[in-house]
Amino acid sequence: MTSRLALFSLITLLLAVGSSAGGIAIYWGQNGGEGTLAETCSTGNYDYVNLAFLSTFGNGQNPMINLAGHCDPYSNGCTSLSSDIKSCQAKGIKVMLTIGGAAGSYYLTSAADAKQVATYLWNNFLGGKSSTRPLGDAVLDGIDFDIEGGTTQHWDDLARYLSGYSSQGKKVYLTAAPQCPFPDAYIGVALKTGLFDYVWVQFYNNPPCQYSRGATNLEDAWKQWTSDIPATKIFLGLPAAPAAAGSGYIPVGDLTSQVLPAIKGSAKYGGVMLWSKYYDDQTGYSSSIKSHV
């Protein structure tokens, strides 16, 4: 009996340890040379895949997805991604649609505009119905906010409207990729709503809070994000290769020996986000760090 109890305790402990381990989120969609979505999910390296980007929306514009070299949305050519999305989800991987991006035409002019965009996203990518679903009939797991332009207003309204759809069956996950200087200029207010599940903070292209010959700046910013933002999990967003960003790349050895040990103790630690699948293919970064995340 004692040995059984000991075994049970060990299994419980292992499960607890396993559940606190982090995951890796990856951005896919901006380079035709990064392999298919199905191949991306088959690597076994990623727990979350963000499809980038829905780069045109809001203010009455005709919403348009841009998946670079992968498919042509203008000829309805991205609907074939539906089976890939389903194969990812069958592996337990959450697949999000990323709205925004560094280059796009998007902004919200009012709460009513935010509601209209939320309705569009629900009907065309989530659990709603539409005859013009750009990615076919697959139901995505949620919406990722990568807002780096447009206006600073009404992103909280969009989050609330999208979150409201969670009551209609399948949960709508909300994720975001703010810049590490706190608070984020565009979605700082939206993040305060407490509606976001995963927040992958971009600790790159932002010298004041990114890693540079030491983790002090990054640690200070990390503590602020984890203490001030009411999200389920916060992720360390990094470039997967030196060429993936202007600055902020962390060599694997530094990440695993200095940075991760300094932040993994946080109850809100969720893992690492990488930009992007194309660059990860070049370096094998996710494979190198997976056992440490």
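**Concerning the overall build of the protein chain**
- Across its full length, the protein chain holds 10 helices and 10 strands.
- A globule of 293 residues ought to have a C-alpha radius of gyration of about 19 Å, and the protein chain, at 19 Å, matches this closely.
- Counting only C-alpha atoms and orienting by the principal axes, one finds that the protein chain spans roughly 60 × 50 × 35 Å.
- Counting every position in the protein chain, which comprises 293 residues, the buried fraction comes to 49%.
- Long-range pairs, those at least 24 residues apart, make up 72% of the contacts in the protein chain with a sequence separation of at least 6.
- Carbon together with sulfur atoms contributes 53% to the accessible area of the protein chain, which is approximately 12400 Å² in total.
- Taking the average place of the 18 positive charges on the side chains of the protein chain and the average place of its 21 negative ones, the gap between the two points comes to 10 Å.

**Remarks on the pairing of strand S7 (residues 173-176)**
- Of the two faces of S7, the one carrying Tyr-173 and Thr-175 and the one carrying Leu-174 and Ala-176 are both buried.
- In this fold, strand S6 (residues 142-147) hands off to helix H5 (residues 155-164), which returns the chain to S7; that crossover is right-handed.

**With respect to the state of the cysteines**
- For the structure shown, the criterion picks out three disulfides.
- Each disulfide pairs two cysteine sulfurs, and for Cys-180 the partner residue is Cys-209, the sulfurs being separated by 2.0 Å. The S-S bond linking Cys-180 to Cys-209 shows a torsion near 80°; that makes this disulfide right-handed. Pair noted here: Cys-180 is in the loop between S7 and helix H6 (188-191) and Cys-209 is in the loop between strand S8 (198-202) and helix H7 (216-228), with a separation of 29 residues, a long-range link.
- The exposure class assigned to Cys-209 is buried, which follows from its relative accessible area of 6%.
- Listing the disulfide partners of the protein chain by sequence rank of the bonded cysteines yields 1-4, 2-3, 5-6.

**Considering the pattern of salt bridges**
- Under the definition given, this model contains six salt bridges.
- In this structure, the salt-bridge partner of Asp-141 is Lys-170, at a minimum N-O distance of 3.4 Å. Of this pair, Asp-141 sits in the loop between helix H4 (111-125) and S6 while Lys-170 is found in the loop between H5 and S7, placing the two residues 29 residues apart along the sequence.
- By relative accessible area, Lys-170 is classed as partly exposed at 39%.
- A single salt-bridge network, built from bridges that share partners, covers Asp-156, Asp-157 and Arg-160.

**Some words on the environment of Gly-253**
- Tracing the sequence through the fold places Gly-253 in helix H8 (residues 252-263).
- A sequence separation of 26 residues divides Gly-253 from Ser-227, and the C-alpha atoms of the two residues are 27 Å apart.

**Overview of unusual backbone geometry**
- The amide bond that connects Ala-52 to the next residue, Phe-53, takes the cis arrangement and shows omega of 10°.
- Mapped onto the secondary structure, Phe-53 falls in strand S2 (residues 48-57).
- The amide bond that connects Trp-275 to the next residue, Ser-276, takes the cis arrangement and shows omega of -5°.
- Mapped onto the fold, Ser-276 is located in the loop between strand S10 (269-275) and helix H9 (277-283).
- Phi is positive for Asn-76, which is not a glycine, with a value near 65°.

**Remarks on the environment of Gly-44**
- Turning to its location among the elements, Gly-44 is positioned in the loop between helix H2 (37-42) and S2.
- What makes Gly-44 partly exposed here is its relative accessible area of 46%.
- Measuring from C-alpha to C-alpha, the distance between Gly-44 and Lys-91 comes to 8.8 Å, with 47 residues separating the pair along the chain.

What counts, and where the lines are drawn
Once a new chain begins, its residue numbering starts again from 1 and follows that chain's sequence as written. In keeping with the model being predicted, local features are shown solely for residues with a pLDDT of at least 70 and side-chain atom pairs are shown and tallied solely at 80 or more, while totals for entire chains, interfaces and linings include all residues. Hydrogens and water molecules were not included; the side-chain quantities draw on all heavy atoms of the structure. Runs of H or I in DSSP of at least four residues are treated as helices and runs of E of at least two as strands, each being numbered from the N terminus. Here the globule rule is a power law, 2.2 Å times the number of residues to the power 0.38, and the radius of gyration is based on C-alpha atoms. Burial classes follow relative accessibility: with a 1.4 Å probe on protein chains only, a residue under 20% of its type's maximum area counts as buried, one over 50% as exposed, and anything between as partly exposed. By the convention used here, residues are in contact when the closest approach between their heavy atoms is within 4.5 Å. To measure how exposed things are, a 1.4 Å probe is used in the Shrake-Rupley method; for residues, cover is taken only from the protein chains shown. Counted as positive: Lys and Arg. Counted as negative: Asp and Glu. His and the chain ends are not counted at all. Note on charges: their place is set at NZ of Lys, CZ of Arg, CG of Asp or CD of Glu. The definition of a right-handed crossover adopted here requires that, viewed with the strands pointing away, the path from the first strand over the helix to the second runs clockwise. What counts as a disulfide here is a pair of cysteine sulfur atoms lying within 2.5 Å. One side-chain nitrogen of Lys or Arg within 4 Å of one carboxyl oxygen of Asp or Glu is enough to make a salt bridge.

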